[in-house]
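So the chains spell out like this:
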Amino acid sequence: MKTFLWIIFPYICLTSFILGHVWRYKYDKFGWTSRSSQLYEKKILSWGSPLFHYGILGVLAGHVVGLFVPESWTNDLGISEHRYHLVAVSLGTVAGVATVTGLVLLIYRRRTTPSVFRVTSATDKIMYPLLGIVIALGLVNTIGVNLFGLGGYSGGYNYRNSVAVWFRDVLTFHPSAAPMIGATWSFELHALFAMLLLGVWPYTRLVHVLAAPVGYAYRPYIVYRSRDAQGASRLPRRGWERVDQRVSVKRGRH
Amino acid sequence: MRVMAQMGMVMNLDKCIGCHTCSVTCKQAWTNRTGVEYVWFNNVETRPGLGYPRTYEDQDHWQGGWERNRRGRLRLRSGGRASRMMRIFANPKLPSLTDYYEPWTYDYDTLISAPAQKDIPVARPISQIDGRPMQIKWSANWDDDLGGSPEHTIDDPILKKISKKIRLDYESAFMFHLPRICEHCLNPSCVASCPSGAMYKRSEDGIVLVDQDRCRGWRMCVSGCPYKKVYFNHRTGKAEKCTFCYPRIEVGQPTVCAETCVGRLRYIGLFLYDADAVLEAASVEDPTDLLEAQRSILLDPHDPAVLAAARAAGIAEDWLDAARRSPVYDLACRYRVALPLHPEYRTMPMVWYIPPLSPVVEALRDTGFDGEDGRSLFAAIDALRIPVEYLAELFTAGDPQPVKGVLRTLAAMRAHMRCVNLGEPVDASIAEAVGMTADEIEALYRLLAIAKYEDRYVIPSAHVEIAGQLDELPGCSVDFESWSPHGGQGLGGGEPVPVAIQTFNLARRRAQADRFADLEEEQMKGES
Ligand code: HEM
Ligand code: SF4
Ligand code: SF4
């Protein structure tokens, strides 16, 4: 059971995450969008969406640091586990509360605005609860366990010795269930549900995250594109080729 | 000099009768789909009036287009790249549906299926957005022909720029129609605002398009365009816009709006321009210089140096020939009667307008004068300050001189042609007064009044060598909702699949439903 939960299941989810994105990029570029619903409703969104997004991006950054920076590195830098924890917990709490407030607003909006509810798809109905659960468990970890010492961890639970190690092992293909032994239930569940979320990620509206427009910072403002380039990259369906395309055509600029 | 070709359009506003045929045919061709019910790639607005979406010209509010900063550089009016990315999660400058209008249909079924009753059943309006009964409060043309004025008209952003006193008599004084499509700008702020680089200007003909496969629905282009001519498809989650009917243009046919225009007032042809000079021209300090700056980057297709540079840039002979015969170049640069709409947005719009003389003529007639007499027309143009100022706010960043110049040319043409038609001796001073010869005036008259189809539309077709690659190929399916005009145009491999998996079932149900109500019921069943 442990092997399944901490080794097999994570790999299934991560494979799905990667292959799903590849598949979606190949076959469903047209469906790859943030699916904005701002046209339907503006007031709640203008609070909920920025709160949620700034929160979750902060949370994401925290995860990168927490999961990928081993404790030995920060120790070498002379940052004590206690100091680290203090910073992590306080920043995490702010980001976490923003995220949850934002998400609550967004879900409330989605349920109560008829036009928004009407375009809520089946995948949304799976994604939102899942996202909610993962975030809620995350908050239990940060605030419940680490801040208020829930479950008897009065000094906070050191996930960097357990969950983070397990996660790095999975990513480096040396998977082992051992680091997770003795982790608190809320950390376990958070990790498992997060894996599940990653697994369904590419089939939901969350694909928009991987399309985050970083290239915008570097490109020139005005984009020119040639019709030649488009034509050349576009293969007609089998049986629909134009007669003059079956013989190879000389492509010239005009 | 980097010569590029640009498809352009000129509309002669004197001839627009506001029949909306162009809007309707355009809608039938491009936007009669779910998700774009509220979208009119071509709309005709009454001026003075609020426009569509309401007050879109109020850039202090909407912040579309470019502005020149203190260092003389252009930047998007909505801010730098970083500050705009901060606002991507909820775009504060996105018009809401109420600024356009909430689209609706009618519950026609009640008319047939209602049981026998005392009262005649009525078909109630039903929102196409949330499927519920609604009250119609606004539409794309609610203030058509000054309907509802002065209650609505008073909010016209252009009127607000002209002083208050003038407004009242002005309103009774005149009205005209302004048909609008995307301007296919030389310096498009929509393209500049697109975070994912999905919008582009075609290097062959300058048509501005949205790559539906690359658009990620960030909806920043909608606010970036000062003319509000990019729209958000609320079902597909992608931006869509006027395509200048590129599949028709590629085979040498005019756009649908031009082809069907009842007044035959639209002209389509090529401009050659210097792409390297665009930014500098768009950055001139004084907004009233923008009109001339814009004209200055359009190149004379008869100039051998221009032709040589164009050939070097790979523009084919038949395109150069078309450029020489271009009616839009003649109207904009040779006769200088066509003006760009809101040059002060600094996007270098390529749909030009011949301002209407009719308000002046009508005012003259109403006061008992001869509406075709050159001298009284000239005098009236100078005297009727208000219409001229209004037109100047639309076409020349507020400078009345160029507008007066055009109106005087049109007036001279009117007076001159009356002499010709009545067989009277031609008064040479009329043409001279506007710096033209009698022959030139008559040539302009032929172009404006009797030009045939081939003279109004000089459109070189795309090249035979590459015809096999044109997008008219039957490559995209129209079976499903998610079909889109530019579907499958993206770079990269893979066959175009007309399915968005997130909405696959919704799309299929919709495609198979007989009417709106069926879908509703089915959805209700599914949800409860
Ligand atoms: C990194 C860059 C990101 C960008 C640029 C971005 C952008 C957007 C935009 C433009 C919308 C549409 C809002 C509207 O309705 O108008 C949206 C919606 C959404 N985003 Fe993001 N997003 C990002 C990251 C994320 C992340 C990391 C998550 C969660 C894990 C996320 C979850 C969502 C959800 C759940 C919605 C739907 C909100 C609703 O309408 O209920 N996003 N995002
Ligand atoms: S008018 Fe057309 S090309 Fe110009 S900014 Fe707007 S959408 Fe872009
Ligand atoms: S079809 Fe022609 S005349 Fe009629 S509204 Fe459109 S532009 Fe004006």
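Everything numeric here is computed off the predicted structure, so don't read it as measured data.

(A) Structural context of the coordination of the iron atom of ligand 1. Residue and element names in this part refer to chain A. Here the iron atom of ligand 1 is held by His53 (NE2) and His208 (NE2), and the distances to it run 1.9 to 2.0 Å. Around the iron atom of ligand 1 sit 6 donor atoms, and with donor-metal-donor angles ranging over 87 to 179° the site reads as octahedral. Pair noted here: His53 is in helix H2 (residues 43–68) and His208 is in the loop between helix H8 (185–200) and strand E1 (224–225), with a separation of 155 residues, a long-range link. A relative accessible area of 17% means that His53 is categorised as buried. Judged by relative accessible area, His208 falls into the buried class, the value being 14%.

(B) Molecular detail of a nonpolar patch on the surface. On the surface, a nonpolar cluster with roughly 430 Å² of combined accessible area is contributed by Met1, Phe4, Ile8 and Ile12 of chain A. By the secondary structure assignment, Ile8 of chain A is in helix H1 (residues 2–27).

(C) Quick look at the site of ligand 1. Within the structure, ligand 1 sits among 24 residues, and Ser36, His53, Tyr128 and His208 of chain A together with Arg219 of chain B are positioned closest to it. Those residues lying near ligand 1 are distributed over chains A and B. At 2.8 Å, a backbone N or O of Ser37 of chain A approaches an oxygen atom of ligand 1. Contact between ligand 1 and Tyr128 of chain A: an oxygen atom at 2.5 Å from a side-chain N or O atom of the residue. Listed by contribution, the elements that provide at least two residues to the shell around ligand 1 are H2, helix H4 (81–112) and helix H6 (122–147) of chain A. For the shell around ligand 1, the per-class residue count stands at 14 nonpolar, 6 polar and 4 charged.

(D) Expanded view of helix H16 (residues 327–334) of chain B. Residue and element names in this part refer to chain B. Among the 8 residues in H16, 7 count as buried, and that is most of the element. Turning to H16, its buried residues number three or more, namely Pro327, Val328, Tyr329, Asp330, Leu331, Ala332 and Cys333. Phi turns positive, to about 55°, at Arg336, one or two residues after H16.

(E) Highlighting unusual backbone geometry. Put simply, Arg47 of chain B and Pro48 of chain B share a cis peptide bond, and its omega is -5°. Topologically, Pro48 of chain B is positioned in the loop between strand E2 (43–47) and helix H2 (59–62). Of note, the amide linkage connecting Tyr52 of chain B to Pro53 of chain B takes the cis form, showing an omega dihedral of -5°. Its identity as a non-glycine residue notwithstanding, Phe173 of chain A has a phi of 60°, on the positive side. Within the secondary structure, Phe173 of chain A is located in the loop between helix H7 (163–171) and H8.

(F) Expanded view of the nonpolar core. Core analysis: the largest hydrophobic core is formed by 157 residues, its most contacted members being Tyr38 and Leu331 of chain B. The element best represented in this core is helix H20 (residues 400–422) of chain B, accounting for 9 residues. In contact with Leu331 of chain B, other than residues within four places in its own chain, are Val10, Tyr267, Arg336, Val337, Ala338, Ile354, Leu444, Leu447 and Leu448 of chain B. Trp6, Tyr157, Tyr159 and Phe187 of chain A belong to the second largest nonpolar core, which has 21 residues in total.

(G) Quick look at the environment of Val223 of chain A. Tracing the backbone through its elements, the reader meets Val223 of chain A in the loop between H8 and E1. Here the alpha-carbon distance between Val223 of chain A and Gly132 of chain A, two residues 91 residues apart in the chain, equals 39 Å. Here Val223 of chain A is in contact with Val191, Met199, Tyr200 and Lys201 of chain B, once residues within four sequence places are set aside.

(H) Examining the confidence of the model for chain A more closely. Predicted confidence across chain A gives a mean pLDDT of 86, with 87% of residues reaching 70 or more. Across residues 243–254 of chain A the pLDDT falls below 50, and counting only partners more than four positions away or on other chains, this stretch makes 28 contacts in the model.

(I) Focus on H2 of chain A. For H2 of chain A, with 26 residues, the first-to-last C-alpha span of 38 Å sits near the 38 Å given by 1.5 Å per residue. Where H2 of chain A is buried, its residues meet H4, H6 and H7 of chain A.

(J) Looking closely at the packing of aromatic side chains. All names here are of chain A. Going through the model one piece at a time under the given rule, you end up with 25 aromatic pairs over all chains. Geometrically, the ring pair formed by Phe4 and Phe9 is tilted, given 6.2 Å between the ring centres and 40° between the ring planes. For Phe4, a relative accessible area of 38% translates into the label partly exposed. Take Phe9: its relative accessible area is 16%, and that puts it in the buried class. Note on Trp6 and Trp166: the rings are 5.2 Å apart at their centroids and 85° apart in plane angle, and the pair reads as edge-to-face. Of the two residues, Trp6 is situated in helix H1 and Trp166 in helix H7; the sequence distance between them amounts to 160 residues. Each member of the pair, Trp6 as well as Trp166, is classed as buried.

(K) How the structure looks around the sheet that holds strand E9 (residues 208–210) of chain B. Spatial ordering of the open sheet is given by E1(A)-E8(B)-E9(B), a layout of 3 strands whose pairing is mixed. A single partner strand is all that each edge strand has here, and the edge strands are E1 of chain A together with E9 of chain B.

Parameters and conventions
Residues numbered from 1 in each chain as written. Chains lettered and ligands numbered in written order. Predicted model: local features only at pLDDT ≥ 70, side-chain atom pairs only at ≥ 80, totals over all residues. Heavy atoms only, no water. Donors = N, O, S within 2.8 Å, 3.2 Å for Na, K, Ca; no water. Tetrahedral: all angles 85-135°; square planar, octahedral: opposite > 155°, others 65-115°. Helix = DSSP H or I, 4+ residues; strand = E, 2+ residues; numbered from the N terminus. Buried < 20%, exposed > 50% of the residue type's maximum accessible area, 1.4 Å probe, protein only. Patch = residues over 30% accessible without salt bridge, like charges linked within 9 Å, V, L, I, M, F, W, Y side chains within 5 Å. Areas by Shrake-Rupley, 256 points an atom, 1.4 Å probe, with all protein chains shown as cover. Salt bridge = Lys/Arg side-chain N within 4 Å of Asp/Glu carboxyl O. Near = heavy atom within 4 Å. Polar contact = N/O pair within 3.5 Å; in protein donor to acceptor, adjacent residues only side chain to side chain. Nonpolar A, V, L, I, M, F, W, Y, C, P; charged D, E, K, R; others polar. Core = buried A, V, L, I, M, F, W, Y, C linked by side-chain atoms within 4.5 Å. Contact = heavy atoms within 4.5 Å. pLDDT = per-residue confidence, 0-100. Expected span 1.5 Å × (residues − 1). Phe/Tyr/Trp six-rings, centres within 6.5 Å; stacked < 30°, edge-to-face > 60°. Pairing = 2+ DSSP bridges.

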